[in-house]
2 protein chains.
Amino acid sequence: MSGEFNREQLESVLKRRFFYAPAFEIYGGVSGLYDYGPPGCALQANIVDVWRKHFILEEDMLEVDCTMLTPHEVLKTSGHVDKFADWMCRDLKTGEIFRADHLVEEVLEARLKGDKEARGEKVEEVEEDDQKKKRKKKVKEIKAVKLEDSVVEEYETILAKIDGYSGPELGDIMVKYNIGNPATGEPLEKPMAFNLMFETAIGPSGQLKGYLRPETAQGQFLNFSKLLDSNNEKMPFASASIGKSFRNEISPRSGLLRVREFLMAEIEHFVDPLDKSHAGFKSVENIKLTFWPKEVQEKGSTETSKITVGEAVRSGMVDNETLGYFLARIYLFLIKIGVNPDRLRFRQHMSNEMAHYAQDCWDAELQTSYGWIECVGCADRSAYDLTVHSARTKEKLCVRETLPEPKVVERLECQIDKKRFGPKFRKDAPKVEQWLFSRTECELEDLAKELDEKLKITVQIPETTIPEVEIPAELLKIEKVTKTEHVREYIPSVIEPSFGIGRILYSIFEHSFWSRPEDSARCVLSLPPLVAPTKVLLVPLSNHETLQPVLQVVKDKLKSKQIPFKVDDSSASIGKRYARNDELGTPFGITIDFESIKDNSVTLRERDSTLQVRGSIESVVEAIVNITYNQVSWKEGTKHLESFESKADE
Amino acid sequence: MSGEFNREQLESVLKRRFFYAPAFEIYGGVSGLYDYGPPGCALQANIVDVWRKHFILEEDMLEVDCTMLTPHEVLKTSGHVDKFADWMCRDLKTGEIFRADHLVEEVLEARLKGDKEARGEKVEEVEEDDQKKKRKKKVKEIKAVKLEDSVVEEYETILAKIDGYSGPELGDIMVKYNIGNPATGEPLEKPMAFNLMFETAIGPSGQLKGYLRPETAQGQFLNFSKLLDSNNEKMPFASASIGKSFRNEISPRSGLLRVREFLMAEIEHFVDPLDKSHAGFKSVENIKLTFWPKEVQEKGSTETSKITVGEAVRSGMVDNETLGYFLARIYLFLIKIGVNPDRLRFRQHMSNEMAHYAQDCWDAELQTSYGWIECVGCADRSAYDLTVHSARTKEKLCVRETLPEPKVVERLECQIDKKRFGPKFRKDAPKVEQWLFSRTECELEDLAKELDEKLKITVQIPETTIPEVEIPAELLKIEKVTKTEHVREYIPSVIEPSFGIGRILYSIFEHSFWSRPEDSARCVLSLPPLVAPTKVLLVPLSNHETLQPVLQVVKDKLKSKQIPFKVDDSSASIGKRYARNDELGTPFGITIDFESIKDNSVTLRERDSTLQVRGSIESVVEAIVNITYNQVSWKEGTKHLESFESKADE
């Protein structure tokens, strides 16, 4: 492949061929919403199909399809109502709203560029999307201003850590470095949290508040017990879900990369927290991946290391085998659907980026003209989600495992004086009782100590009528009891590989787009045959009716093998017809000519090389099936066919 | 198949096997929202896959994937903001909300039942869902009250036409027949329109109002020009879309039949309004369908007629060939995925049910224990949607067709005195001008007449600053002009087959569920192999390690043919293991025994008949492929295999 990548040219092809387009375009569009046209829709369906086979079928995962509408209470418990937010700054004068981290990033990048220009250094041109470009045009920053060396260093450190700052921290940076509305230079309001969930009301009374899900994960967690039952109570196991999720982005940008409605494919792998080994690890441990661990990022360095998954797990860089296994499987999937392995890296989340409960988290990032983009996240969410939902609903979301042999254990246990409990606490009695009996071993130790020292315990118990509950020693004993346990009960940990299909799809466009060296206007999308929207273009040499019967034979043959094809019987030259389909990523072309009538032979053309071979209809279709679905190379797949020279591509 | 259908038993199986379950069940659930578990999800995916092949691939339709979030303006134009509503009645005392038509239906049905009891007639038990049952229990209607014969007749007429009443009409019925809150008998508020769309705000300012789409159609209409271009400007053509839609039902009920979030598959077939013939009509015209035309319904009769599609179109009962073609294709699709043809009828919409713009509309209704359920709609929407969006956005959504030869036509045309137009109408001038030039031929005729008679025209023009615009004859001429036209421009009509996947799926459960006569606790879901969630159950006779290598060979063979299978190596008896999978609808079982080690032979069992045959692994897998995917019968597919007698099912 050759020629400099030209995003404008790619976008023009994607638009002209209706891979995707702004939704509601005739109404002026809504930012962050896109429709997929026929080739985009087929490409997306093929990627989803490969995903389903690669993950769900090959690994026997349990697929579920849960609702997008989600009641308030569920997302309150999961933490999304309180924490699923970005920081936004308002310009009170103009009414404009900026996303704080993006604003800091853009302004500092612009200043660094000015500095480089002032120093007479070459400025690397990073391509930008229209919206960002428009905003930059307005930036009042004086161009070509030299900065202090120490300031350059500070800016670079901030940019390397930009994903890790809290709202107040961003506010401080904006004050310290005098970052305001780029168009006017005026200061902005302090960053405020803006919840990214779309809210709606469920039912006619309007009283049940709900949201559109921001991820597909919660539905899988809530169904945990049913899924465990479906899996015959065997652990570990994984569920999976493919469906739309929604985020009300403050300022959608970068085309398909930051949108408000998007297709996700998520896996929740449930595993024993004490044993995160993986039965399939051996099969992937020698695969080499490009890692960018957190320590390196925290130093402000972008240096990556290419080592095997085995080494990464053994050295402790990747927390456990299951996480390592999935990183490798993610890699294999991405390569299969057309990602360039040299433009894929695994970035570990820094400690300040991760949720407090997360054990370890890695993003598969793909390099595009917009920079490195997070396309797949792979997090160890520990037992957080199951624990909070279980606590909130009082439904056990846990695994019960028969111990190989019974175990004698000492446990602290509460004993209460039932007769006196009721009269003392009245309506609150059941709440107090329940609270006592749901304490952990560790909490009971503290309570026992308090009871021993003060002859009473004083605690706050939610949903009781009094602010503090006092339980005297006469009513409560906390003592060690010897027990024989036959069953171990635990809440599993969750390893979650989560795929943003739209982002992956866009990255594949960039990774597979090029133009022919002999004519830069002739563009090609080198999509792997497996995911290409259409596999074969049928090109009858002319519209002469004698060619129709052979054309029909080829069509029937392709249909019987379920190979998606299109016919182009327009009057354009064969070269032109192929050129159009190179833009659509169609990997194969079959030319039907007057020879075909005589001997049933046809010509097969390969998109990237424009090489042609000739053979019987039967053998040509066979070659297409093998190359498309059975991972056979062009050379191997066509070795029984004759090489063929013609001027089709002229 | 035998045994009375028992809905409770079916529901218990569907729940136990996690085909689907109420969403957020551990939080108490939200009515009208369901999650699909692994077998339900696989069944749904298979139905969608068959749909995609049957319609999109076989007919070369253009698939699109449009956003669910839709801005207010689009749905205002389409009419949904004003008209997509059900009628609800509030009980001001209790706060309860009822859907008016459902309420009238339930109360009159209960009274008719009471009448039958009083007359000593046998009362047919129609199964009801829990919610309806609960409500009925509360019904204060005195049981076993005999009604006047004339009243019975009136009730029956109302029930036959229940889908066609407006809100005020329902209100009148409620007053006339004294229908109030069934629990208390108290009167309710008059029916009020309740819009069924979920509303939300798009973007951080909260100022862009949006809705979750109530159908997938609008996205297809808005992309019409791009789609026509993708189809090389050729007409007719169809687009298609598969995705979720949303309706905020007043009182969701009947399980999967009336839900708030559901999967739809919709086709928009764009066709010349002057020529609604269909190239494929010949291939389906001899298919016999069961029709229930509107005239018969309007008489209050439920009599249907079984005639060919050809006859139906020729007699004018079905409006045109394209509509007839799709009714037949819908029939073929439904039969393929397991609908019982005897429980399928096509009901024509009555004139008062149809939107004013609709030309003709037929529903494919499936019979279930809840009655006849609309599962597919097939409407001729005429050019309505494209016309209104085009008028609103000023974007042409039309087809331009070069005429075979130029045509000389007379057309009325407006000529205005530009110089005096501006000063007279000032700011309104462009609006007035645009209004004049966008009149139809027919409207111009009226205006010309008015101008001629009164020497001025007086009209209301939207968005002008004055309520009435007066245009004097000095400023305006409307005259016949002779023109040579080379191109015909028209807005196409749309024929829309629209599938509710969840309703179809539930109906298939009912149509395929039965229990074995010898043991009514042994239930079977006779899903067609093509859509069954899992195709094969592998049953090793024992867990002895010598069986493992053969088991692996069978697994590899099935994987290579991409046949979904499960292994059950539990210690349960073979009969038990099969019984469990009969409930899951798994059509085939392969038993691996000690003979298998010697000669590589295995036993193949068929779910419905429990017949068994034996042969080599190769030939058994071959038979499964042919029966599942190549429409071969069990008898034909296994004719080379030996019949085998054993006691597997005991």
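The structure displayed is predicted, hence computed values, not measured ones.

## A few points about the side chain of Asp 101 of chain B
At step 1: With respect to the secondary-structure elements, Asp 101 of chain B resides in helix 5 (residues 100–118).
At step 2: Aside from chain neighbours lying at most four places away, what touches Asp 101 of chain B is Ile 162 and Leu 170 of chain B.

## Comments concerning helix 1 (residues 7–16) of chain A
Residues and elements named next belong to chain A.
At step 1: By the burial criterion, the buried members of helix 1 are Arg 7, Leu 10, Val 13 and Leu 14. What you see down the axis of helix 1 is that its buried residues fit within an arc of 125°, all on one side. Residues of helix 1 that are exposed and point more than 90 degrees away from the buried face comprise Glu 8 and Lys 15.
At step 2: Looking at the packing, one finds that the buried side of helix 1 touches strand 1 (20–22), helix 18 (501–512), strand 22 (513–516), strand 23 (519–525) and helix 20 (574–583).
At step 3: For helix 1, the N-terminal cap is Asn 6; the gap from its side-chain oxygen to the backbone nitrogen of Glu 8 is 3.0 Å.

## With respect to the pairing of strand 18 (residues 456–459) of chain B
Residue and element names in this part refer to chain B.
At step 1: Where burial is concerned, the two faces of strand 18 differ: the one with Ile 457 and Val 459 is buried and the one with Lys 456 and Thr 458 is not.
At step 2: Pairing between strand 18 and strand 19 (residues 469–472): 4 bridges, direction antiparallel. Its bridge partner being in strand 19, Ile 457 is matched across the sheet by Ile 471.

## Side note on the sheet that holds strand 13 (residues 305–308) of chain A
At step 1: Strand order in the open sheet formed by 9 strands is 3-10-11-21-16-15-14-12-13 (chain A), and the pairing between neighbours is mixed. The two strands at the open ends of the sheet, each matched to only one other strand, are strand 3 (62–63) and strand 13 of chain A.

## Points about the interface of chain A and chain B
At step 1: Contacts between the two partners involve 71 residues from chain A and, on the opposite side, 71 residues from chain B.
At step 2: The salt bridge involving Lys 566 of chain B is made with Asp 60 of chain A; its shortest N-O contact spans 3.3 Å.
At step 3: Counting across the interface, chain A meets chain B through 30 residue pairs in polar contact (both at pLDDT 80 or more).
At step 4: Looking at which element gives the most residues to the side of chain A that touches chain B, the answer is helix 2 (residues 38–57) of chain A, with 6 residues.
At step 5: Classifying every residue of the side of chain A that touches chain B gives 34 nonpolar, 14 polar and 23 charged.

## Quick notes on the pattern of salt bridges
When the charged atoms of two side chains with opposite charge come close together, those side chains can pair.
At step 1: Scanning all chains against the criterion turns up 99 salt bridges over all chains.
At step 2: For the salt bridge of Arg 381 of chain A with Asp 385 of chain A, the shortest nitrogen-to-oxygen distance reads 2.9 Å. No difference in accessibility class separates Arg 381 of chain A from Asp 385 of chain A, as the two residues are buried.
At step 3: Linking Lys 456 of chain B and Glu 470 of chain B is a salt bridge whose minimum nitrogen-to-oxygen distance equals 3.5 Å. On the criterion of sequence distance, the pair formed by Lys 456 of chain B in strand 18 and Glu 470 of chain B in strand 19 is long-range, its members being 14 residues apart.
At step 4: When its relative accessible area of 30% is taken as the criterion, Lys 456 of chain B is described as partly exposed.

## What to know about the packing of aromatic side chains
What describes a pair of aromatic rings is the distance from one ring centre to the other and the angle between the planes of the rings.
Residues and elements named next belong to chain A.
At step 1: According to the stated counting rule, one finds 40 aromatic pairs over all chains in the structure shown.
At step 2: Judged by centre distance (5.5 Å) and plane angle (75°), the ring pair of Tyr 325 and Phe 326 falls under edge-to-face.
At step 3: Given the relative accessible area of 0%, Phe 326 is considered buried.
At step 4: Through pairs of rings, three or more aromatic residues link up here, namely Phe 19, Tyr 20, Tyr 34 and Phe 509.
At step 5: Over the face of the ring belonging to Phe 425 we find Lys 424, whose NZ or CZ atom lies 5.6 Å from the ring centre.

## Concerning the UniProt feature "domain: Aminoacyl-transfer RNA synthetases class-II family profile" (unreviewed entry) in chain A
At step 1: Taken from the UniProt record, the annotation "domain: Aminoacyl-transfer RNA synthetases class-II family profile" (unreviewed entry) applies to residues 187–517 of chain A.
At step 2: A distance of 49 Å separates the end C-alpha atoms of residues 187–517 of chain A, which is 28% helix and 37% strand.

## Observations regarding the relation of the copies chain A and chain B
For these two chain copies, the linking operation is a rotation about an axis paired with a shift along it.
At step 1: Rotating chain A by 179° about the axis while translating it 0.1 Å along that axis superimposes it on chain B, leaving an RMSD of 0.5 Å. Considering both components of the superposition, the chain copies are consistent with a two-fold axis. Closest approach to the rotation axis within chain A is made by the C-alpha atom of Thr 200 of chain A, at a distance of 2.6 Å.
At step 2: When you check the interface residues of chain A against chain B, 100% turn up at the interface there too, and the contact is symmetric in its surfaces.

## Describing the domain arrangement of chain A
At step 1: Domain boundaries in chain A define domain 1 (37–67 + 217–384 + 495–500), domain 2 (85–195), domain 3 (405–488) and domain 4 (534–643).
At step 2: One C-alpha centre belongs to domain 1 of chain A, the other to domain 3 of chain A; they are set 42 Å apart.

## A word on the state of the cysteines
At step 1: Here the structure, examined in full by the defined rule, presents 0 disulfides over all chains.
At step 2: Note on Cys 414 of chain A: no disulfide assigned, nearest cysteine sulfur contributed by Cys 442 of chain A at a separation of 14 Å.
At step 3: The thiol of Cys 398 of chain B is not disulfide-bonded; the next cysteine sulfur, from Cys 414 of chain B, is found 20 Å away.

## A short note on the packing of helix 19 (residues 548–560) of chain A against helix 22 (residues 617–629) of chain A
Residue and element names in this part refer to chain A.
At step 1: Two elements in contact, helix 19 and helix 22, have axes whose closest approach is 10 Å; the angle formed by their N-to-C orientations is 35°. Crossing angle aside, the handedness with which helix 19 passes helix 22 is right-handed. For the pair formed by helix 19 and helix 22, the contact residues are Val 550, Val 553, Val 554, Lys 557 and Leu 558 on the first element and Ile 617, Glu 618 and Val 621 on the second.
At step 2: Per-class residue counts for the contact of helix 19 with helix 22 are 6 nonpolar, no polar and 2 charged.

## Remarks on the environment of Ala 42 of chain A
At step 1: Secondary-structure assignment places Ala 42 of chain A in helix 2.
At step 2: Counting along the chain gives 594 residues from Ala 42 of chain A to Glu 636 of chain A, while the straight-line C-alpha distance between them is 27 Å.

## Describing the packing of helix 5 (residues 100–118) of chain A against helix 7 (residues 149–160) of chain A
Angle between the axes and distance between the axes are the two parameters that describe a pair of packed helices.
Residues and elements named next belong to chain A.
At step 1: Across the interface, helix 5 lies against helix 7 with an axial gap of 10 Å and an inter-helix angle of 145°. As for how helix 5 packs across helix 7, the hand of that crossing is left-handed. In contact with Val 104, Glu 105, Leu 108, Glu 109, Arg 111, Leu 112 and Asp 115 of helix 5, helix 7 contributes Val 152, Tyr 155, Glu 156, Ile 158 and Leu 159.
At step 2: Class assignment for the residues of the contact of helix 5 with helix 7 results in 7 nonpolar, no polar and 5 charged.

## Quick word on a nonpolar patch on the surface
Residue and element names in this part refer to chain A.
At step 1: Nonpolar side chains collect at one region of the surface, where Leu 541, Phe 594 and Ile 597 lie side by side and expose about 240 Å² of accessible area between them.
At step 2: In this structure, Leu 541 sits in the loop between strand 24 (536–540) and helix 19.
At step 3: The class for Leu 541 is partly exposed, based on a relative accessible area of 40%.

## Some thoughts on the sheet that holds strand 4 (residues 69–71) of chain A
Residue and element names in this part refer to chain A.
At step 1: Spatial ordering of the open sheet is given by 4-9-8, a layout of 3 strands whose pairing is antiparallel. Looking along the sheet, the strands with just one partner apiece sit at the ends: strand 4 and strand 8 (199–202). Neighbour to neighbour, the strand axes of the sheet diverge by 45° on average, direction disregarded.
At step 2: In this sheet, strand 9 (residues 208–212) lies alongside strand 4 in antiparallel orientation, the contact comprising 3 bridges. Bridge pairing links Thr 70 to Tyr 211 in strand 9.

## Digging into unusual backbone geometry
Residue and element names in this part refer to chain A.
At step 1: Following Met 235, the chain continues to Pro 236 via a peptide bond in cis, the omega torsion being -10°.
At step 2: Take Pro 236: it is sitting in the loop between helix 10 (224–230) and strand 10 (237–246).
At step 3: Here the phi dihedral of Asn 178 falls at roughly 55°; this positive angle occurs in a residue that is not glycine.
At step 4: When you line up the elements, Asn 178 lands in the loop between helix 8 (167–176) and strand 7 (192–195).
At step 5: Classification of Asn 178 by relative accessible area gives exposed; the value is 61%.

## Re helix 19 of chain A
Residue and element names in this part refer to chain A.
At step 1: Taking 1.5 Å per residue as the helical rise, helix 19 with its 13 residues ought to reach 18 Å, and the 18 Å between its terminal C-alpha atoms agrees with that figure.
At step 2: Residues Val 550, Leu 551, Val 554 and Leu 558 constitute the buried set of helix 19. Buried residues of helix 19 fall within an arc of 105° about the axis and therefore sit on the same side.
At step 3: Of the surrounding secondary structure, the elements contacted by the buried residues of helix 19 are strand 24, strand 25 (565–567), strand 26 (588–592), helix 21 (594–599), strand 27 (601–606) and helix 22.

Cut-offs used in this document
Residues numbered from 1 in each chain as written. Chains lettered and ligands numbered in written order. Predicted model: local features only at pLDDT ≥ 70, side-chain atom pairs only at ≥ 80, totals over all residues. Heavy atoms only, no water. Helix = DSSP H or I, 4+ residues; strand = E, 2+ residues; numbered from the N terminus. Contact = heavy atoms within 4.5 Å. Buried < 20%, exposed > 50% of the residue type's maximum accessible area, 1.4 Å probe, protein only. Arc of directions from axis to C-beta. Polar contact = N/O pair within 3.5 Å; in protein donor to acceptor, adjacent residues only side chain to side chain. Pairing = 2+ DSSP bridges. Salt bridge = Lys/Arg side-chain N within 4 Å of Asp/Glu carboxyl O. Nonpolar A, V, L, I, M, F, W, Y, C, P; charged D, E, K, R; others polar. Phe/Tyr/Trp six-rings, centres within 6.5 Å; stacked < 30°, edge-to-face > 60°. Lys NZ or Arg CZ within 6 Å of the ring centre and 35° of its normal. UniProt positions renumbered as here; feature names shortened; annotations may be inferred. Least-squares fit on C-alpha atoms with pLDDT ≥ 70 in both. Domains from an automatic or database assignment. Disulfide = S-S within 2.5 Å. Axes fitted to C-alpha atoms, helices over the stretch in contact; angles between N-to-C directions. Left-handed = near helix turned anticlockwise from the far one by under 90°. Patch = residues over 30% accessible without salt bridge, like charges linked within 9 Å, V, L, I, M, F, W, Y side chains within 5 Å. Areas by Shrake-Rupley, 256 points an atom, 1.4 Å probe, with all protein chains shown as cover. Expected span 1.5 Å × (residues − 1).

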